[in-house]
Amino acid sequence: MDDLRQLLAALRAEGDLLEIEAEADPRLEIPEIHRRVIAQGGPALLFRRPKGSSFPVVTNLFGTAKRIDLAFGKRPLDFVKTAVRASHELLPPTPGNLWGFRSFFREALKVGTREVAGAPVTEVVETEPDLTRLPALTQWPEDGGPFLTLPLVYTEHPEKREHNLGMYRIQIHEARRTGVHWQIGKGGGFHHHVAESKGEALPVTVFLGGPPALVIAAIAPLPEGLPELLLASLLLGEKLPLTRVPGQGHRLVAGAEFAIVGKVPPRVRRPEGPFGDHYGYYSLAHDYPVLDVERVYRRRDAIFPATVVGKPVQEDFLIGDFLQELLSPLFPVVMPSVVSLKTYGDAGFHSLAAAVVKDRYGREAISTAFRILGEGQLALTKFLLLTDARVDLDDFRTLLETVLSRCRFETDLFVVSNVAMDTLDYTGPKVNEGSKGVLAGLGEPIRDLPRAFEGALPAGARTAAAFCGGALCVSGPSWAEDRDFAARLARDPAAAAWPLVALVDDADAAAKDARSFLWHVFTRFEPGADVHAAKAEVVRNQVARTAPIVLDARMKPWMPGVVSPDPATVALVERRWREYFPARGPGARL
């Protein structure tokens, strides 16, 4: 798809776009409509009359696998697979094997950028911009204000010929000032760090809309310095059209709806947030850099793209799955001992990863674990599961059973404290700091796993429910009521048969299915503080832990709350449903 307009036309032709003529408020109301529709697997939504703005809003563009396939097709994945095959088969190159990859080289010649004149994004130039006129969404009642939720933030390295395109949320503070949520480990933040160390402002351009490929490229966890615009070109299937504007340092994406141009001054910070994020909790207010906006370039009839994030599953979950499918053939090339690798969107992606690895000599898998945890965005992974058994990583129950039946906790469970952690993960002692855990299940099974809980509950427990073979969910007193309960639970004879026990606030909810287990457990515990064992001793400077291992995944007092919609807005949307979707009753499926 060349741009947002082409995607919308394709969605109309497929009957997968609903246009809403009734006025709807970007503050809470549009997000509530969006959440209901995406929960149904419903269509993309084009709000023609957002309250307080003349720009239509489109959401839920990537809310189903079908729409993602429509936007990008199979060609990008085929290209990546062919590139991996070429890396193996073209060495040494011969006329025959080069000829065999001729179509691949033709496709490769299309990758890059090209300059065009008369670009749609320059149809209107606002020299006195007012960002409060944009229909930016306020998604949740405790959010700190309106945010751009699909911003494509472009920066260039102050000293090198490198660029970064990232998706960093943008809070609108004032008419010409925004926040820039540069989390740790992000390319745009690295550029700002270099500029700030020189006492210089960093030029920034925020694009909205344009080729859908830009969204994927901005989110992709590419190695630092690898150009995101080249990935966008690969997804697009042609060179990405850019345009030069006199007096504007950055070239603009020709087909974008908006280009917001300005500078991030050095050593200026302002509170940003709170914001209901993709973990399903609020991220709290913290000081972040600000963007002082100088100009806005836009199409004459610009359309404002947006998304809504919150507890999985939302659009970002589906985009993340597409990205993993696209990039997964590359993992064995970059890390030859990795067979397959997955991060879990149900746990916010960074909270949990799993890998099938080769263990061709003793403990090779452990070396691979630390290789994975040092690779780009994977460095923010909180917990990593490893096995050398050929298991489908999408089948989490089977994966966990495979690991639990094989692991020797005394030597195969590693906890590393005092390391960086994802900015949005509040399980650690303070923001950006925490710990990591690795659990390896290698070789042949060494134990049979219990599959049903029988007998008396552990002392003090309210409920126990088996999630899968070897993994038991237990609920009891809250952390505030009894913070030491997890340590006692690990030593309780009633839990002794279970290799892994997850202490949660609601055992039945956590054990319901893999999605619930991943969210209730891995978003609420930190390895350095919340791993307990029946016995622990130091052997060769490593803590050797004896099962059962208890993960204290109860909510702690310092953790932000779970996002929840505003009751008044819920009632409003229920009442107005027929206005949004004529001929359909309140709450009707679309």
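Residues numbered from 1 in each chain as written. Predicted model: local features only at pLDDT ≥ 70, side-chain atom pairs only at ≥ 80, totals over all residues. Heavy atoms only, no water.

Regarding the packing of aromatic side chains
Thought 1: Enumeration over the complete set of coordinates arrives at 22 aromatic pairs.
Thought 2: An angle of 55° between the planes, with centres 4.6 Å apart, marks the rings of Phe147 and Phe275 as tilted. Placement of the pair is Phe147 in strand 6 (residues 147-148) and Phe275 in strand 16 (residues 275-276), with a sequence separation of 128 residues. Assigned by exposure class, Phe147 and Phe275 land together as buried.
Thought 3: Members of the aromatic cluster, each reached through a chain of ring pairs, are Tyr344, Phe383, Phe396, Phe467, Phe517, Phe522 and Phe525.
Thought 4: Here Arg35 stacks its cationic end above the ring of Trp140, 3.9 Å away from the centre of that ring.
Thought 5: Over the aromatic face of Trp519 sits the side chain of Lys311, whose NZ or CZ is 3.9 Å from the ring centroid. (Phe/Tyr/Trp six-rings, centres within 6.5 Å; stacked < 30°, edge-to-face > 60°. Helix = DSSP H or I, 4+ residues; strand = E, 2+ residues; numbered from the N terminus. Buried < 20%, exposed > 50% of the residue type's maximum accessible area, 1.4 Å probe, protein only. Lys NZ or Arg CZ within 6 Å of the ring centre and 35° of its normal.)

Comments concerning unusual backbone geometry
Thought 1: With omega at 0°, the peptide bond leading from Gly273 into Pro274 counts as cis.
Thought 2: For Pro274, the position within the fold is in the loop between strand 15 (269-272) and strand 16.
Thought 3: Residues Pro312 and Val313 are joined by a peptide bond in cis, for which omega reads 20°.
Thought 4: Following the sequence through the fold, Val313 ends up in the loop between strand 19 (304-305) and helix 10 (315-327).
Thought 5: One non-glycine residue, Asn432, lies in the positive phi region at around 75°.
Thought 6: The topology assignment puts Asn432 in the loop between strand 23 (413-420) and strand 24 (433-441).
Thought 7: With relative accessibility at 23%, the residue Asn432 sits in the partly exposed group.
Thought 8: Phi angles above zero are rare outside glycine, and Arg540 is one such case at about 55°.

Describing the sheet that holds strand 26 (residues 471-475)
Thought 1: Taken in spatial order, the 5 strands make up an open sheet running 25-26-27-29-28, and their pairing is mixed. Each of the sheet's edge strands pairs with one partner strand only, and the pair in question is strand 25 (463-468) and strand 28 (531-539). Taking the axes of each pair of neighbouring strands and ignoring which way they run, one obtains an average angle of 25° across the sheet.
Thought 2: Pairing analysis gives 8 bridges linking strand 28 to strand 29 (residues 542-552), with the strands arranged antiparallel. Looking at the pairing, Val539 lines up with Gln542 of strand 29.
Thought 3: On the sheet, helix 13 (residues 396-406) packs against strand 25, strand 26 and strand 27 (500-504) and is oriented at approximately 95° with respect to strand 25. (Pairing = 2+ DSSP bridges. Axes fitted to C-alpha atoms, helices over the stretch in contact; angles between N-to-C directions. Contact = heavy atoms within 4.5 Å.)

Some thoughts on helix 7 (residues 187-197)
Because the α-helix completes a turn every 3.6 residues, residues three or four places apart line up on one side.
Thought 1: Burial within helix 7 is extensive, with 8 of its 11 residues counted as buried.
Thought 2: Considering only its buried residues, helix 7 is in contact with strand 7 (152-156), strand 8 (163-166), strand 11 (202-208), strand 14 (258-264), strand 15 and strand 18 (286-298).
Thought 3: At the exit of helix 7 stands Gly199, carrying a positive phi of roughly 75°.

A word on the pattern of salt bridges
Thought 1: For the structure on display, the rule yields 39 salt bridges.
Thought 2: We note a salt bridge from Arg488 to Asp482, for which the minimum N-O separation is 2.4 Å.
Thought 3: Arg488 gets classed as partly exposed once you look at its relative accessible area, which sits at 40%.
Thought 4: On the basis of relative accessible area, Asp482 is assigned to the buried category, the value being 17%.
Thought 5: Asp505 is paired through a salt bridge with Arg524; the nearest N and O atoms lie 3.6 Å apart. With Asp505 in the loop between strand 27 and helix 16 (507-510) and Arg524 in the loop between helix 17 (514-522) and helix 18 (527-530), this pair connects stretches of sequence that are 19 residues apart.
Thought 6: We classify Asp505 as partly exposed; its relative accessible area is 29%.
Thought 7: Put simply, Asp3, Arg5, Glu257, Arg299 and Asp301 are held in one network by salt bridges that share partners. (Salt bridge = Lys/Arg side-chain N within 4 Å of Asp/Glu carboxyl O.)

Section: the environment of Arg515
Thought 1: Turning to its location among the elements, Arg515 is positioned in helix 17.
Thought 2: On the basis of relative accessibility, which here comes to 41%, the residue Arg515 falls in the partly exposed class.
Thought 3: For Arg515 and Gly470, which are 45 residues apart along the polypeptide, the C-alpha to C-alpha distance reads 18 Å.
Thought 4: Within the structure, Arg515 has its side chain in polar contact with the side chain of Asp346 (distance 2.6 Å). (Polar contact = N/O pair within 3.5 Å; in protein donor to acceptor, adjacent residues only side chain to side chain.)

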